[in-house]
Amino acid sequence: MKVKMKLLLLMPLFTLLLFTSCQDEVTEITEPNENETLVANSELTSLMLSTSKMDGSVDNIIDKASCLSVDLPVTVKVNGLEIKINSREDFRAIELIFNEFEGDEDTLDIIFPVTIVLADYTEVVIQNSDALGELIKDCKGENEEDDDIECIDFQYPISFSVFDKEFQIVDVANIESDRALHRFIKRVKNAEVVASLNFPVTMVLADETTIEVNNNIELGRTIKEVKDTCDEDDDNDYGDDDFTEERLDNLLKTCPWVVYEFERNQNNLNDSYRDYVMVFKEDNVVKVHARNEDILTGTWITRITDRGALIKLEFDTLVDFTLEWVVYDLEPGRIKFYENGGNKIILKKNCDIVIDVENQNKEIKGYLSNCLWRVKTLNISGSAKEEDYIGNTLHFFSDNSFSIDPSRLEYGSYTVFNEENKETILKITLDNQNTRTGLEIKWTVVSASSNEIIFKSGTNEMVLVNHCKKDNNDINYIINDGEWVITLYEDGTINKTDDYSNYIMDFLPTGRVSFLYDNRIQGAWFAYNEAELYFDFNAGTEEAPLGVLKHRWRIEYITQDRIELKDFNSNGLVERVLILEKTI
């Protein structure tokens, strides 16, 4: 299926200059040869004629014939539903109706009369299906080899110098379409005109790459070399959807793909996702580069089914992309995904986009060193370990040093780098003994933004959330101002307040907690906002009674003198209540 390129070129003017300056010169005339002038019965003119033929396969879903095309608009009945086809994009509507149900018998009837365009651009008006059938008899069958060339095209405009019988230039013929070229070459083959093609000429391949040729020999050689190198897609459906899984995978991995259109559940999301860049990598990893330079990582996998080729995208954060999509069309430089219910993605290939890996690493390091980070999720070998870091934040310094705050008794260094597969890696190395599990694993960055970074390492997962000190200043001011006592602690239905009657707590601005009853104990705390206000509290000991207070408490009520905290289980039920009041 051929895609026409309509890019304008500035053509050389030497032919016009030759016409005005050389008419009176005496020139020794020699017989024309194929290196200069097109010869009627030459191989080159035959190749040019086949390259410029009308490609009728684009509407095979209507007429089931690749050597002719139905002139639009046309009205058809698809499985009994009458629809009007105004443009090639409307062919997709027919395909969607055909694919709506599996195993049913699909029918399409053309409403006559219609105008048929033949391979040589002749137009014929026909009145019924019998007349159409007679024309189709002259066409090759579905995917049978035919004589039109669809893997290469001329980039228009091009021009020909036209000679008289004395080989003087008498005209310059400007050509701007396949139709005009085909008719001109037919005149050459019928010996109605003697002409030479003005070089250089740019040829466009099926994958939209271009080749510049400078003479007849190069032109003929180029057409012959590439004419059988693409899938002409002469099957009787819409779009190129008969590709193999291997071909699809290789195409996706060739270059970055830019989101051009995005629709989800019948909602137009172009404003949200247009110009996002998708990079499909080996090992079924896909990275999405957002407009704000965030990097989001997911997985992709393809398979071939009765519905055609499917691609399954999965992301932890990009829920709109997460779906198994039908790959319903491949065009040069473009690929389209869809799913029933008003879901569509159109991607355009852009090999000029260079993903700057070094800059990407600097960006992630910038995120890390800009603020403190709290451990929201830490799953190691199926076990949740984030509770080990309650009350603590991770501090990534710009000089690559690292500490666990507020105590900074656990410290070391970190690096952000790339491995051979170009995945961004975070590696933390602690210089002293760390009794907590998980940080020193080599973590792969799955997605990164200034607010949240997701890491994975095999089945292990870590999620860090930004915790800038400027957040929750009012809460911090209240907690830092004075000393606090526990006036209520309930564990389920049991009141254990008396266990804390001797403890007075001082919440320091550094994030530490000191206990005036026993100054050997040093705990940690911080407050944060995640839809609700939370208070991370770690008394710094596992021993009762202080050890049982280690939780991520939700702040239910707060004043200058009183803070009410609750701990909820996975079902949303209150398990513990803790009330702190400021001492007088």
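Our subject is the structure listed above.
Below you will find a few notes about this structure. Each chain carries its own residue numbering, running from 1 in the direction its sequence is written. Given that this is a predicted model, residues contribute local features only at a pLDDT of at least 70 and side-chain atom pairs are listed and counted only at 80 or more, while totals for whole chains, interfaces and linings are drawn from all residues. Hydrogens are left out, water is left out, and the side-chain values use all remaining heavy atoms of the structure.

Turning next to the nonpolar core. Here, the term nonpolar core denotes a set of buried Ala, Val, Leu, Ile, Met, Phe, Trp, Tyr and Cys residues that are joined through side-chain atoms within 4.5 Å. Accessibility here uses a 1.4 Å probe with only protein chains present; expressed as a share of the type maximum, an area under 20% marks a residue as buried, one over 50% as exposed, and anything in between as partly exposed. Ranked by internal contacts, the top residues of the largest apolar core, which has 29 residues, are M48, F154, I158, F160, L181, F184 and L219. Only α2 (43–51), β7 (152–154), β8 (158–163), β9 (169–175), α6 (178–189), β10 (194–197), β11 (201–205) and α7 (216–226) provide two or more residues apiece to this core. In what follows, residue pairs with any heavy atoms lying within 4.5 Å of each other are defined as contacts. Contacts of F154, omitting those with residues within four sequence positions, involve M48, T51, L181, V201, T202, M203 and L219. Of all hydrophobic cores here, the second largest spans 28 residues; its members include F262, I311, L313 and V327. Numbering goes from the N terminus for both helices and strands, where a helix is a DSSP run of H or I of at least four residues and a strand is a run of E of at least two.

The next point concerns the pairing of strand β5 (residues 114–118). Note on pairing: DSSP must find at least two bridges between two strands before they are called paired. Here strand β1 (residues 68–70) runs beside β5; their pairing, made up of 3 bridges, is antiparallel. The partner of V70 across the bridge, within β5, is I116. In this sheet, strand β6 (residues 123–126) lies alongside β5 in antiparallel orientation, the contact comprising 4 bridges. Looking across to β6, one finds that V114 is bridged to I126. Linking β5 back to β6 in an antiparallel pair, the connection comprises 4 residues, with Y121 at a positive phi of about 75°.

Cysteine sulfur atoms that pair up within 2.5 Å are treated as a disulfide. Applying the stated rule across the entire model yields 2 disulfides. Sulfur-sulfur distance for the disulfide between C67 and C139 comes to 1.7 Å. Torsion about the S-S bond of the C67 and C139 cystine: about -60°, corresponding to left-handed handedness. With C67 in the loop between α3 (60–63) and β1 and C139 in the loop between α5 (129–136) and β7, the pair connects residues that are 72 residues apart, well separated along the chain. Given a relative accessible area of 23%, C67 falls into the partly exposed group. Given the relative accessible area of 12%, C139 is considered buried. The disulfide that involves C255 links it to C351, with 1.8 Å between the sulfurs. Since a negative S-S torsion denotes a left-handed disulfide, the C255-C351 link at about 95° is right-handed.

On to the packing of α2 against α7. To get an axis, a line is fitted to the C-alpha atoms, and for a helix only the part in contact is used. The angle between two axes follows their N-to-C directions and goes from 0 to 180 degrees. Relative orientation of the contacting elements α2 and α7 amounts to 50°, with a least axis distance of 10 Å. In terms of their interaxial angle, α2 and α7 are classed as oblique. Seen along the crossing, α2 lies across α7 with a hand that is left-handed. Here E43, L44, L47, M48 and T51 of α2 come into contact with α7, specifically with N216, L219, G220, I223 and K224. Grouping the constituent residues of the contact of α2 with α7 by class yields 5 nonpolar, 3 polar and 2 charged. Our angle categories are set so that under 35 degrees counts as roughly parallel, over 145 as roughly antiparallel, 65 to 115 as roughly perpendicular, and the remainder as oblique. For a crossing to be left-handed, the near helix must be turned anticlockwise from the far one by less than a right angle; the clockwise case is right-handed. Just so you know the grouping, Ala, Val, Leu, Ile, Met, Phe, Trp, Tyr, Cys and Pro go in nonpolar, Asp, Glu, Lys and Arg go in charged, and all remaining residues, Gly too, go in polar.

The subject of this paragraph is the sheet that holds β1. Spatial ordering of the open sheet is given by β1-β5-β6, a layout of 3 strands whose pairing is antiparallel. Two strands close off the open sheet at either side, each with one partner strand: β1 and β6. Between one strand and the next, the sheet's axes are offset by a mean angle of 30°, whatever the strand orientation.

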